[in-house]
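Per-entry structural report
This is what each chain is made of:
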Amino acid sequence: MVRGFSHDELAVEADMGSTRCYCGEGAPCSVSWSDKNPARRYYGCKYWPDEKEYCGYLDWYDDGLSEWYKQVLNEMKPKKKPGIPEFVNPRLIFLVKVMIGLLLLLVLVVAIVGILIVCKG
Ligand SMILES: [Zn+2]
């Protein structure tokens, strides 16, 4: 089981054909980026990490690396950006930024109109 592996960020689909998992589906070859198995290729059930669908199939293509290589590869892995939790949708952050921008624009327009009214009166 490869825990700490993120399909969307670190998985690199390797072009090595595929085999079949216990579901009878094609098990594509992927690259693990877990701390235990960095940059190690494997054939795995395509439903992982969906616990309901995942059949448990995992077949390593590469032999395990020495501790030294694991350490080097783990240090080379991109670090996650601190501050923003993973569950925050980047689109939501963009939307909030746009809203703040529009709000500032509105305040500016109100201030200018206010100044013009004061000057006329
Ligand atoms: Zn499967």
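Worth saying up front: this structure is predicted, and the values here are computed from it rather than measured.

1. Considering the overall build of the protein
- If you tally the helices and strands in the protein, you get 3 helices and 4 strands.
- Secondary structure elements of the protein occur, N-terminal to C-terminal, as α-β-β-β-β-α-α.
- Looking at the protein as a whole, 12% of its 121 residues are labelled buried.
- Here the analysis covers contacts within the protein between residues at least 6 apart in sequence; of these, 40% occur between residues at least 24 apart.

2. As for the pairing of strand 2 (residues 26–33)
- Across 5 bridges, strand 2 lies against strand 3 (residues 38–44) in antiparallel orientation. Residue pairing for strand 3: Ser-30 is matched across the bridge by Tyr-42.
- In this structure, the hairpin formed by strand 2 and strand 3 is closed by a connection of 4 residues.

3. Quick word on the pairing of strand 3
- Counting buried positions along strand 3 yields 5 of 7 residues, so the element is predominantly enclosed.
- Where strand 3 lies against strand 4 (residues 58–60), 3 bridges are found, and the strand directions are antiparallel. Residue pairing across strands places Tyr-42 opposite Trp-60, the latter belonging to strand 4.

4. So, the nonpolar core
- Counting residues in hydrophobic clusters, the biggest one holds 6 residues: Cys-21, Ala-27, Tyr-42, Tyr-43, Cys-45 and Trp-48.
- Discounting residues that sit within four places of it in the chain, Tyr-42 has contacts with Ser-30, Ser-32, Leu-58, Asp-59, Trp-60 and Tyr-61.

What counts, and where the lines are drawn
Residues numbered from 1 in each chain as written. Predicted model: local features only at pLDDT ≥ 70, side-chain atom pairs only at ≥ 80, totals over all residues. Helix = DSSP H or I, 4+ residues; strand = E, 2+ residues; numbered from the N terminus. Buried ≥ 20, exposed ≤ 12 C-beta atoms within 10 Å, placed from the backbone. Contact = placed C-beta atoms within 7 Å. Pairing = 2+ DSSP bridges. Core = buried A, V, L, I, M, F, W, Y, C linked by C-beta atoms within 7 Å.

Note that every value here comes from positions in space, so none of it alone points to a role or purpose.
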